[in-house]
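Notes for the structure review
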Amino acid sequence: MKCCNMTAGMLKEPVTFQRATKAIDGAGGYTETWGAISGAADRAKARALSGSERFASDRVEAVTRWRITVRYFAGLLESDRVLIRTRAYNIRFINNMELADQWLEIDLDGGVAT
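Now for a description of the structure that goes with this document.

Cut-off values and rules
- Residues numbered from 1 in each chain as written.
- Predicted model: local features only at pLDDT ≥ 70, side-chain atom pairs only at ≥ 80, totals over all residues.
- Heavy atoms only, no water.
- Helix = DSSP H or I, 4+ residues; strand = E, 2+ residues; numbered from the N terminus.
- Contact = heavy atoms within 4.5 Å.
- Areas by Shrake-Rupley, 256 points an atom, 1.4 Å probe, with all protein chains shown as cover.
- Lys, Arg positive; Asp, Glu negative; His and termini not counted.
- Charge placed at Lys NZ, Arg CZ, Asp CG, Glu CD.
- Buried < 20%, exposed > 50% of the residue type's maximum accessible area, 1.4 Å probe, protein only.
- Polar contact = N/O pair within 3.5 Å; in protein donor to acceptor, adjacent residues only side chain to side chain.
- Salt bridge = Lys/Arg side-chain N within 4 Å of Asp/Glu carboxyl O.

1. Concerning the overall build of the chain
Counting its regular elements, the chain contains 0 helices and 7 strands. Helices (α) and strands (β) of the chain occur, in sequence order from the N terminus, as β-β-β-β-β-β-β. With the C-alpha coordinates of the chain rotated into their principal frame, the extents come out at 55 × 35 × 20 Å. A separation of at least 24 residues holds for 56% of the contacts in the chain among residues at least 6 apart in sequence. Accessible surface, the chain: about 7300 Å² in total, of which carbon and sulfur atoms supply 48%. Measuring between centres, the 16 positive side-chain charges of the chain sit 6 Å from its 14 negative side-chain charges.

Right under this line is the structure:
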């Protein structure tokens, strides 16, 4: 059964999904590092939704919104992040399209702290 008018040929953009982990820093504390999520999709269809600039704290900040579509994989969280061409994006929303467990549509924020 075909879902959502998506085909594998549309997945042209390489992506990496990452999850934050805590690593011991050797001084009795922890540092947060990002590591790749095993079994995650590695190709996506990427589409820019919007972009804007805002003036805050005496500087201009550029913010972008993207929507990517990838093959379904379980376990993705909004606290994870996505790398597209070495640029990090926060995950804002994860949509299991038509609840069919075939495709994930993910909304991303760029230009914000990750």
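2. A short note on the side chain of Gln18
With respect to the helices, strands and loops of the structure, Gln18 is situated in strand 1 (residues 13-24). On the accessibility criterion, Gln18 (11% relative accessible area) is buried. Those residues in contact with Gln18 that lie beyond four places of it in its chain are Trp34, Gly35, Ala36, Ile37, Asp80, Arg81 and Leu83.

3. Re the environment of Arg19
Following the sequence through the fold, Arg19 ends up in strand 1. The sequence separation of Arg19 and Thr64 amounts to 45 residues, and the corresponding C-alpha distance is 21 Å. In terms of polar contacts, Arg19 uses its side chain to reach the side chain of Asp80, at 2.8 Å.

4. Overview of the side chain of Arg81
With respect to the element layout, Arg81 can be found in strand 5 (residues 81-84). Within the buried set, Arg81 has no salt-bridge partner at all; the shortest N-O distance to an opposite charge, 7.8 Å, is to Glu32. One polar contact links Arg81 to Gln18, side chain to side chain, over a distance of 2.7 Å.

5. Concerning unusual backbone geometry
Notably, Glu98 is not glycine yet its phi reads approximately 55°, a positive angle. Residue placement: Glu98 occurs in the loop between strand 6 (87-96) and strand 7 (103-110). Although it is not a glycine, Asp101 sits at a positive phi angle of roughly 55°. Here Asp101 shows up in the loop between strand 6 and strand 7.

Geometry only, nothing functional implied.
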